[in-house]
Amino acid sequence: MKEWIICLLFFLPGMSVAQSIVTGRVYWDKNQNGKYDKGEPGLRDIPVSNGDTIVMTNRNGEYSLTVFSGESVFPILPSEYTLTTTNEQIENSHYVYFPAGDVPAKNRVDFALSRIVVAPSFRVAAVGDMQVGKYSEENYAGATILSELAERRDIDFSIHLGDIVNEPFPYLKNMYGMMRVIPTPSWTVLGNHDRDLTHGPEKQESVFNTYFGAATYSFNRGGIHFIVINNIFPDGQRGYNGGYNDKQIRFLKNDLKLVPRQNRIVICQHIPMMYTPQKEQILGLLAGRGDVLVLSGHTHQIARHFMVGDHVRIHELGVGATCGSWWVGERDWMGIPAAIMQCGSPRGYFTLDFDRVGYDIKFKGVGLDSNRQMDIWVNGLDSIDGKIPGLDTLKPNTIIVNVYGGCDSTEVRIQLDNGTWNTMQHVSMIAPNVSRMLYWNKTAGYPTKYSRRAVLRRQKSPHIWKIEYPDVLTPGTHFVKIKAYDKYGLDVTGAMSFVKE
């Protein structure tokens, strides 16, 4: 067996460093009963890690690893294997966590793996902040995003990008119970609101890891290498910053040594890498890796960022939040708050279709048709718009398009009444539906009884396009088509018919 690095400790004030030697076997569970049976072969050269050191199994599938309190033990799954599970679809919950401050008492950990068919393409749901902090909000999530994921048969697995809850007690346990029975397998990321803030910085992962197994790990699927990183860096008892400690950097280094250069890297974390102080260091570690995708949450709005290093280009997709603006706003016909995001997008998530060449991205509004990729707003169709700050100064024949998955590299084109296609201008402005909501809040039109005031600010959306038609919008019916595309995986369309008085 071979260790890729001598284990060095990252100390936090008051942190216990109890340790133990953990041994075990990684084996092919042929009958998929989750137990080792005589004759089931051990799997050679499977990486096993504690989120720092990585060791390789020997020819019998055996490993030995030094584990410290507060760490988890997990195999780095190759593409052709998955963990054997029984009515438990949260994949990383099967990792073995050793609580912080305790001597790891369980010194043998075996992992049963089942073979799977490696498809040439697969679909992933990237799900942002559900962030429930009340029992009513747990049921909002259950009736919307979790219900939708339970019904989808076209998704191979989901990645939940942190802030599953707004505080861990008792909601993390409840959400774990709701998520574990969804038929679609899922992986989870630690968010800043998923931390236990009652027992000191060294134990902030404890509740999350108790239910979800590990906060830093990696796995492979279809030739794609997924790395999940806890990038919540404690700052005192309750504070935090986006960043990585020495241990996480070492894991990233050790993990990348095992990944062939031709394999695509996908990094999943809560706080966007764009806002992380060590992003240049991460770019350095990824040098020579070509196109790298980063998936993140945290900001409650959709945004895409690009970072360039030495033969590496990071495309970061901030997927927004499935709670929208924290489950507040006017209730819909189901009694669930509309809770649009600050960028003007509805509560939603993204699907990513991976193949050997690249990937396509597509927004999915929770409860909305999958073709709903944008809002089209035509000035003057609603008389109230002339009273709303930000909309009242626009020219009469202005059309605004909010492409939910768009970015500054996206080209948006418009066709009016089957005429010529024109390029729209990318602009920085508040989304029209957010401006309307702000106006109704200010004038006491909203919130209505039993609803809560929408948590929205006069913040500009990063994915708005505009065009001004001089005298084209004559009275009568009109039909508009939109195409939005870029070279980073987005290719969507929209359409709307309307009547001009």
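All figures in this text were calculated on a predicted structure; none of them were measured in a lab.

### Here's the deal with the pairing of strand 16 (residues 264-268)
Piece 1. Burial of strand 16 is extensive: five of the five residues sit out of reach of the surface.
Piece 2. Of the two faces of strand 16, the one holding Arg264, Val266 and Cys268 and the one holding Ile265 and Ile267 are both buried throughout.
Piece 3. Relative to strand 16, strand 13 (residues 224-228) runs parallel, the two sharing five bridges. The partner of Ile224 across the bridge, within strand 16, is Arg264.
Piece 4. Inspection of the sheet shows strand 16 paired to strand 17 (residues 290-296) by four bridges, in the parallel sense. Paired with Ile267 across the bridge in strand 17 is Val294.
Piece 5. For the segment spanning strand 16, helix 6 (residues 279-285) and strand 17, crossover handedness is right-handed.

### Comments concerning unusual backbone geometry
Piece 1. The omega angle of the peptide bond from Phe169 to Pro170 is -10°, so this bond is cis rather than trans.
Piece 2. Mapped onto the elements of the fold, Pro170 is located in the loop between strand 10 (157-160) and helix 3 (171-179).
Piece 3. The backbone of Asp417 sits at a positive phi, close to 55°, despite the residue not being glycine.
Piece 4. With respect to the helices and strands, the residue Asp417 is situated in the loop between strand 24 (411-416) and strand 25 (421-423).

### Comments concerning the layout of surface pockets
Piece 1. Here the largest pocket defines a volume of roughly 640 Å³.
Piece 2. Along the wall of the largest pocket there are 25 residues; nearest its centre are Ala338, Ile340, Pro346, Val366 and Leu368.
Piece 3. The element that contributes the greatest number of residues to the lining of the largest pocket is helix 7 (residues 432-442), accounting for four residues.

### Details of the environment of Leu258
Piece 1. Looking at the element boundaries, Leu258 is found in the loop between helix 5 (246-257) and strand 16.
Piece 2. Its relative accessible area of 26% is what places Leu258 among the partly exposed residues.
Piece 3. In the structure, Leu258 is positioned 24 residues away from Pro234 in sequence and 29 Å away in space, judged by C-alpha atoms.

### Overview of the pairing of strand 17
Piece 1. Counting buried positions over the seven residues of strand 17 gives five, a clear majority of the element.
Piece 2. Judged from the seven bridges that link them, strand 17 and strand 19 (residues 312-319) form a sheet pairing that is parallel. Bridging across to strand 19, Gly290 finds its partner in Val312.

### Considering the packing of aromatic side chains
Piece 1. If you walk through the whole model with that rule in mind, you get 25 aromatic pairs.
Piece 2. Consider the rings of Tyr95 and Trp187, whose centres lie 6.4 Å apart with planes at 45°: the pair is tilted. Taken together, the positions of Tyr95 in the loop between strand 6 (81-83) and strand 7 (96-97) and Trp187 in strand 11 (residues 186-188) put the pair 92 residues apart, joining distant regions of the chain. One exposure class covers both Tyr95 and Trp187, and it is buried.
Piece 3. Ring geometry for Phe226 against Phe354: centres 5.8 Å apart, planes inclined by 80°, an arrangement best described as edge-to-face. Of this pair, Phe226 sits in strand 13 while Phe354 sits in strand 20 (residues 348-354), and the two are 128 residues apart along the sequence.
Piece 4. The exposure class of Phe226 is buried, given its relative accessible area of 0%.
Piece 5. Given the relative accessible area of 1%, Phe354 is considered buried.

### Some details on the sheet that holds strand 28 (residues 476-485)
Piece 1. Read across the open sheet, the four strands follow the order 25-24-28-29; overall the sheet is antiparallel. The open sheet has two edge strands, strand 25 and strand 29 (491-500), and neither has a second partner. Here the average twist between neighbouring strands, direction ignored, is 25°.
Piece 2. In the sheet, strand 24 pairs with strand 28 via six bridges, with the strands oriented antiparallel. Directly across from Ile414, in strand 28, lies its bridge partner Ile482.

### Some thoughts on the environment of Ile155
Piece 1. The residue Ile155 is located in the loop between helix 2 (145-151) and strand 10 in this model.
Piece 2. For Ile155 and Phe122, which are 33 residues apart along the polypeptide, the C-alpha to C-alpha distance reads 7.6 Å.
Piece 3. With residues up to four places along the chain from it excluded, the contact list for Ile155 reads Arg123, Val124, Ala125, Leu149 and Thr184.

### With respect to the sheet that holds strand 1 (residues 19-28)
Piece 1. The mixed open sheet is built from four strands, whose spatial order is 4-1-8-6. Of all strands in the sheet, those bounded by a partner on one side alone are strand 4 (62-68) and strand 6. Taking each pair of neighbouring strands and ignoring which way they run, the sheet shows an average axis angle of 35°.
Piece 2. With seven bridges connecting them, strand 1 and strand 4 associate as antiparallel partners. Following the sheet pairing, Arg25 is matched in strand 4 by Glu62.

### Observations concerning the environment of Met130
Piece 1. For Met130, the position within the fold is in the loop between strand 9 (122-127) and helix 1 (135-143).
Piece 2. Taking C-alpha positions, Met130 is 10.0 Å from Gly320, a pair spaced 190 residues apart along the chain.
Piece 3. For Met130, the residues in contact, after removing those within four places along its chain, are Ala141, Ile145, Leu146, His160, Asp163, Ile164, Met175, Met179, Thr322, Cys323 and Trp327.

### Some details on helix 7
Piece 1. The buried count for helix 7 comes to eight of 11 residues, which makes it a mostly enclosed element.
Piece 2. Those residues of helix 7 that fall on the buried side of the exposure criterion are Pro432, Val434, Ser435, Arg436, Met437, Leu438, Tyr439 and Asn441.
Piece 3. Along its buried surface, helix 7 packs onto strand 22 (374-378) and strand 23 (398-403).
Piece 4. Backbone geometry just after helix 7 places Ala444 at a positive phi near 65°.

### Things to note about the packing of helix 1 against helix 3
Piece 1. Between helix 1 and helix 3, the least distance of the axes is 11 Å, while the angle of their chain directions is 20°. Comparing their axes, helix 3 and helix 1 come out roughly parallel. The two elements helix 1 and helix 3 meet at a crossing, and its hand is right-handed. Contacts between helix 1 and helix 3 pair Tyr135, Glu138, Ala141 and Gly142 from the former with Tyr171, Asn174, Met175 and Met178 from the latter.
Piece 2. The residue makeup of the contact of helix 1 with helix 3, split by class, is five nonpolar, two polar and one charged.

Basis of the calculations
- Residues numbered from 1 in each chain as written.
- Predicted model: local features only at pLDDT ≥ 70, side-chain atom pairs only at ≥ 80, totals over all residues.
- Heavy atoms only, no water.
- Buried < 20%, exposed > 50% of the residue type's maximum accessible area, 1.4 Å probe, protein only.
- Helix = DSSP H or I, 4+ residues; strand = E, 2+ residues; numbered from the N terminus.
- Pairing = 2+ DSSP bridges.
- Right-handed = clockwise from strand over helix to strand, strands pointing away.
- 1 Å grid on protein atoms, 1.4 Å probe; cavity = no way out; pocket = protein on both sides within 12 Å on 5 of 7 lines; lining within 4 Å.
- Points joined across faces, edges and corners; volume = space filled by probe spheres on them.
- Phe/Tyr/Trp six-rings, centres within 6.5 Å; stacked < 30°, edge-to-face > 60°.
- Axes fitted to C-alpha atoms, helices over the stretch in contact; angles between N-to-C directions.
- Contact = heavy atoms within 4.5 Å.
- Parallel < 35°, antiparallel > 145°, perpendicular 65-115°, else oblique.
- Left-handed = near helix turned anticlockwise from the far one by under 90°.
- Nonpolar A, V, L, I, M, F, W, Y, C, P; charged D, E, K, R; others polar.

Just distances and angles here, no functional claims.
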